[in-house]
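# Survey of secondary and tertiary structure
In case you want the letters, here they are:
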Amino acid sequence: MPATEPEKGATEPQKGNLHDLKVNYLWALRLAWSVCPRLVTARAGVHLVQSLVPALVLLNTRQIIVAIYDALTAVDKLPGKTGDLDEAMLWLLTLPALAVIDAMCGFVGGYLGARLGEELNLKINIQILEQAARLDLAFFEDPQQQDLLARAQRNAAQHCARLMNSLLHMANVLLQTGAFVVIVLLIEPWTAPALVALGIPYLLFQWRMSKTQYWIEHNRTTRRRWSRYFTTRLTKHAFVPEVKLLDLAPLLINKFKGLLERFRDENMWLQRRRLVGNVIFGVLATVMIYGLFTRVIFRAVEGGDAAPELGTVVIFLPALAKVYDMMNQLVRIASGTMHTTMMISNLRELTLAQPAAPDNGQITPATAHGEIVFEHVSFTYPASGKHHEPVLRDVSFSIGAGEKVALVGANGAGKTTIVKLLGRLYKPDAGRILFDGHDVADLSRTYLNQQISFVLQAFGRYEATAGENIAYGDWRRLMDDPDELRRIAQDAGVDQMIEQFPDGYDTVLGRMFGDFTLSGGQWQQLALARALARNPKLLVLDEPTSNLDARAEYELFEQSRRLARDRTTIIISHRFSTVRMADRIIVLEQGQVVEQGTHEQLQSARGHYASLYELHTRSLTD
Ligand SMILES: Nc1ncnc2c1ncn2[C@@H]1O[C@H](COP(=O)(O)OP(=O)(O)OP(=O)(O)O)[C@@H](O)[C@H]1O
Ligand SMILES: [Mg+2]
């Protein structure tokens, strides 16, 4: 079963070169800056102050040692007495002051960082959803784009906040390192070549490790989606009954386990390489530090003009150790930043994604009639993988204002596709779809939504109150108008049903948060009421009676005729009792219109419709 193997379908890795890194880096910084420039500036200020503290502590320590040494070795000191320690005491007082400044900077910096993280979290998560709302349906049906969406959503905000923090941290550590490097170079010039010889290979090693880590994560996006899929199948209420009845759990758990084991193995492979590298560089650094320290001691003992004083010798070792520690930190921050920046590239890529067909029609006619014309429409699904066959081929038909038309055809004939094109969820490859003589592509989205209502085959079941489930049909108007909402419910024939729910219109429906669940037919009736909420000129019903009992179905038709004689209605159904009530029937076969006419006309034509009908009646009588 190759198609269901989670290992398949990983997306191709892209280049992760320096240019990409720079572009992504600047983009993320601009984003953080745009969220709150004052916060970023304050954070940077606090970091700047904090970064100067360690070097000041070290220099003051040297002054204390020098002052104590001078006092102890003063020539005019009386036997048995110590010399003047006032200077040493003064220097000593600066240390607690610096410690307080350091601690305060830590607290305030932490607070500002958390605040920045929160603001970024808010902005980025909303930005992702707004962008998702802007993209068209085709985007969500393309597995590669789904991977991108999943990667972008994965801790996007944390990555941005982390990048900001890392940058400030890096500036902080760079300043500190700079100060300490100046100190150690002044004491021992040979430190410079030693630092270069060890630092550059170490940097390259860490760079490589972060790049590998990014690609491991990148290439497992599809597998991550698979693992989420298995988890949902095994834990989501809607899937549990069938999983239990088919006893699928062991099979699915096994596939899930396979994925987790692969994740573990990949992670551990990287960890092993990190371990080896870190051990080697750690040993080399220790040798370097103690080698240089020994040299400083020898120089001090040898004496002479350039010989270091005792205080200088004492601070050299901690200063050099600090340089090594800082370098380590720098490398870790830099490689972490690189990884973060690469993760952010997904967010950037997502925000740059454009809808395949721009949804920017402008025309808003003054009056609507509800006349529909399909002119030589052909269409192939954009993300149909290997099966790149047209789903609709040269489809032409027209529906007059107020006409009630049924679309009939076998499963997969293309009926729902026609509905989606009518709602401009996709753009036809060829031909035009006209609403009252205007190409639907040219009509404004608001106008189109106002004039056409749909009850889709896969209609929504909203986790919301019964009232809201209807109000969503025209929420701007109805969310705060319970009287109008009730009138719509009455017209749609669902008022009595809702009154019987435990809290009437306020009953929270659904399984996730609600306390009351409806039957398929009841949900469908609500969906119908929702579609009627806008009082549309054209009502499109994709198998609206599939969940309805015979009585509900009859009432639906009676009502739709009575309520809106001038409303154009397109109904898709496999039920002939429904279909024959239509003014006209359009028959589709494999994406083409093959017949049109009334039930009687098509019967006597003895074509495709007549044979479908005959099959149907025979199945009823057999
Ligand atoms: N999102 C999609 N991406 C790719 N192909 C699709 C997509 N949706 C449908 N198809 C393909 O388009 C064809 C027509 O599908 P459509 O849903 O329009 O059929 P239908 O006539 O509504 O069938 P049914 O009676 O089962 O609802 C099918 O062969 C299907 O494989
Ligand atoms: Mg369908």
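Presented here is an overview of the structure given in this document. (Residues numbered from 1 in each chain as written. Chains lettered and ligands numbered in written order. Predicted model: local features only at pLDDT ≥ 70, side-chain atom pairs only at ≥ 80, totals over all residues. Heavy atoms only, no water.)

## What to know about the nonpolar core
Among soluble globular proteins, nonpolar side chains are generally buried collectively. By size, the foremost hydrophobic cluster in this structure holds 41 residues, and its most contacted members are I470, V494, I498, I585 and Y609. Setting aside residues up to four positions removed in sequence, Y609 forms contacts with V408, F576, V579, I585, V587, E595, H599, L602 and Q603. (Core = buried A, V, L, I, M, F, W, Y, C linked by side-chain atoms within 4.5 Å. Buried < 20%, exposed > 50% of the residue type's maximum accessible area, 1.4 Å probe, protein only. Contact = heavy atoms within 4.5 Å.)

## Some words on the site of ligand 1
In the vicinity of ligand 1, 17 residues are found, and the nearest of them are G412, K415, T416, T417 and Q457. Y381 has a polar side-chain atom sitting 3.5 Å from a nitrogen atom of ligand 1. Measuring from an oxygen atom of ligand 1, one finds a backbone N or O atom of G412 at 2.8 Å. Look at ligand 1: alone it shows 630 Å² of surface, and the protein chains cover 68% of it. The leading source of residues in the shell around ligand 1 is helix α12 (residues 415-422), at 4 residues. In terms of residue class, the shell around ligand 1 is built from 5 nonpolar, 8 polar and 4 charged. (Near = heavy atom within 4 Å. Polar contact = N/O pair within 3.5 Å; in protein donor to acceptor, adjacent residues only side chain to side chain. Areas by Shrake-Rupley, 256 points an atom, 1.4 Å probe, with all protein chains shown as cover. Helix = DSSP H or I, 4+ residues; strand = E, 2+ residues; numbered from the N terminus. Nonpolar A, V, L, I, M, F, W, Y, C, P; charged D, E, K, R; others polar.)

## So, the sheet that holds strand β3 (residues 404-408)
Reading across from one edge, β6-β7-β8-β3-β9-β10 is the order of the 6 strands in this open sheet, with mixed pairing throughout. Every other strand in the sheet has two partners, leaving β6 (452-455) and β10 (592-597) as the edge strands with one partner each. On average, adjacent strands in this sheet sit at an angle of 15 degrees to one another, irrespective of strand direction. Bridge count between β3 and strand β8 (residues 568-572): 4 bridges; the pairing is parallel. Bridge pairing links A406 to I571 in β8. Docked against the sheet, α12 engages β3, β6, β7 (538-542), β8 and β9 (584-589), running at close to 145 degrees with respect to β7. Along the sheet face, helix α18 (residues 520-532) touches β6 and β7 and points at about 175 degrees away from the line of β6. (Pairing = 2+ DSSP bridges. Axes fitted to C-alpha atoms, helices over the stretch in contact; angles between N-to-C directions.)

## Some remarks on the packing of helix α3 (residues 86-134) against helix α6 (residues 156-187)
Closest axis-to-axis distance for the α3/α6 pair is 8 Å, and the angle between their directions is 140 degrees. Put simply, α3 runs oblique to α6. Of the two possible hands of crossing, α3 and α6 adopt the one that is right-handed. Packed against α3, whose contacting residues are G113, L116, G117, L120, N121, I124, N125 and I128, the element α6 presents A156, A157, C160, A161, M164 and N165 at the interface. Residues belonging to the contact of α3 with α6 are distributed by class as follows: 9 nonpolar, 5 polar and no charged. (Parallel < 35°, antiparallel > 145°, perpendicular 65-115°, else oblique. Left-handed = near helix turned anticlockwise from the far one by under 90°.)

## Quick notes on the coordination of the magnesium ion (ligand 2)
For the magnesium ion (ligand 2), every protein donor is listed as T416 (OG1) and Q457 (OE1), and the spread of their distances is 1.9 to 2.3 Å. Taken as a pair, T416 in helix α12 and Q457 in the loop between β6 and α14 (466-471) lie far apart in primary sequence, 41 residues in all. Overall, the relative accessible area of 24% leaves T416 in the partly exposed class. (Donors = N, O, S within 2.8 Å, 3.2 Å for Na, K, Ca; no water.)

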